[in-house]
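# Summary of structural features
So you can see what is in the structure, the chains are spelled out below.
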Amino acid sequence: MVAIETKQIYLSRGHFGLEDITLTIPKEKMTAIVGPNGSGKSTLLKIISKLLKPDRGETFLLEKNTRAYPAKDFAKTVAMLPQSKDSLPDFTVKELVAYGRSPYKRFLDHHMNEQDEQIIDMAMDATGIQKHRDRLFHTLSGGEQQKARIAMALAQQTEILLLDEPTTYLDIAHQLDLMEMLRTINQQYKMTIVMVLHDLSQAATYSHYMIAMKGGKIAKTGDPKTILTSQFLQEVYEIEATVTFEANYPLIIPTIHKRRGNFQ
């Protein structure tokens, strides 16, 4: 089953661009998009979410061309959380999460009915932020803020969730906590989750499928535990390292070369 499909996506922006991005992303699975800085990962996510229009090519969600979706129907199908540290107005956590119900409301209708309230509570329970419902969003820690943003996306009740570097700005404990939460959401709600990640170990541990990009092109796709090899690191990241798996968690050990010269 396919959740997302792109066909021959091209984009040119000065010295940067995407070239022939043709891929499929499995439904109800967790997919990681990885690659060096500037490889086009976030740009691809923006095209899938219709935040950016390609020069040519087609994108399909659940076998339907994204251009055929009315705006509200699209917002009921896919939720996108860009990488952000922007401050928000003085919203409480519950008010922020309730914003996820917007696609189901008429223009200027902010009233939450009983069903809305149940869905908002479900989203806060699923992300563990129910206890913070009445706190102002900006008073939360970075990890709690990210959970609140994901709760807002859950309240949107989409089948697909796109996350651009969700663990950026978080310490390792909050990163792992967030990844475990996303795994639970994927399992419980059968939600397709697509994430841009920099940490290859987390990508391989938590995703079912991996897309590697380099220079605006697709470099490799497949099962992360199969494609994450020394050769992969050399081809995609141009580094020399050994890769071993311990309890399904990859250990990446760079090869250290002694510097030449007279420095001590």
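Here, the structure is the one placed above.
Overview of the structure. (Residues numbered from 1 in each chain as written. Predicted model: local features only at pLDDT ≥ 70, side-chain atom pairs only at ≥ 80, totals over all residues. Heavy atoms only, no water.)

Bringing the sheet that holds strand β10 (residues 217-222) into the picture now. Read across the sheet, six strands follow the order β6-β7-β8-β3-β9-β10 without closing on themselves; strand pairing throughout is mixed. In the strand order of this sheet, the two ends are held by β6 (78-81) and β10, each with one partner. If you compare each strand with its neighbour and ignore which way they point, the axes differ by 15° on average. Relative to strand β7 (residues 160-164), β6 runs parallel, the two being bridged by four bridges. Counted as the bridge partner of L81 is L163 from β7. Its contacts with the sheet place helix α6 (residues 172-189) against β3 (30-34), β7 and β8 (192-196), and it is angled at close to 155° to β8. Helix α9 (residues 230-237) rests against β3, β9 (209-214) and β10 of the sheet, and its axis sits at about 40° to β9. (Pairing = 2+ DSSP bridges. Helix = DSSP H or I, 4+ residues; strand = E, 2+ residues; numbered from the N terminus. Axes fitted to C-alpha atoms, helices over the stretch in contact; angles between N-to-C directions. Contact = heavy atoms within 4.5 Å.)

Turning next to the packing of aromatic side chains. Scanning all chains against the criterion turns up two aromatic pairs. Aromatic pair Y69 and F74: ring centres 5.7 Å apart, planes at 80°, arrangement edge-to-face. On the basis of relative accessibility, which here comes to 10%, the residue Y69 falls in the buried class. Classification of F74 by relative accessible area gives buried; the value is 9%. The ring of F74 has K50 sitting right over it, with the charged end atom 4.9 Å from the ring centre. Against the face of Y104 rests R101, its NZ or CZ located 4.2 Å from the ring centre. (Phe/Tyr/Trp six-rings, centres within 6.5 Å; stacked < 30°, edge-to-face > 60°. Buried < 20%, exposed > 50% of the residue type's maximum accessible area, 1.4 Å probe, protein only. Lys NZ or Arg CZ within 6 Å of the ring centre and 35° of its normal.)

No statement about biological role is implied by the geometric values presented.
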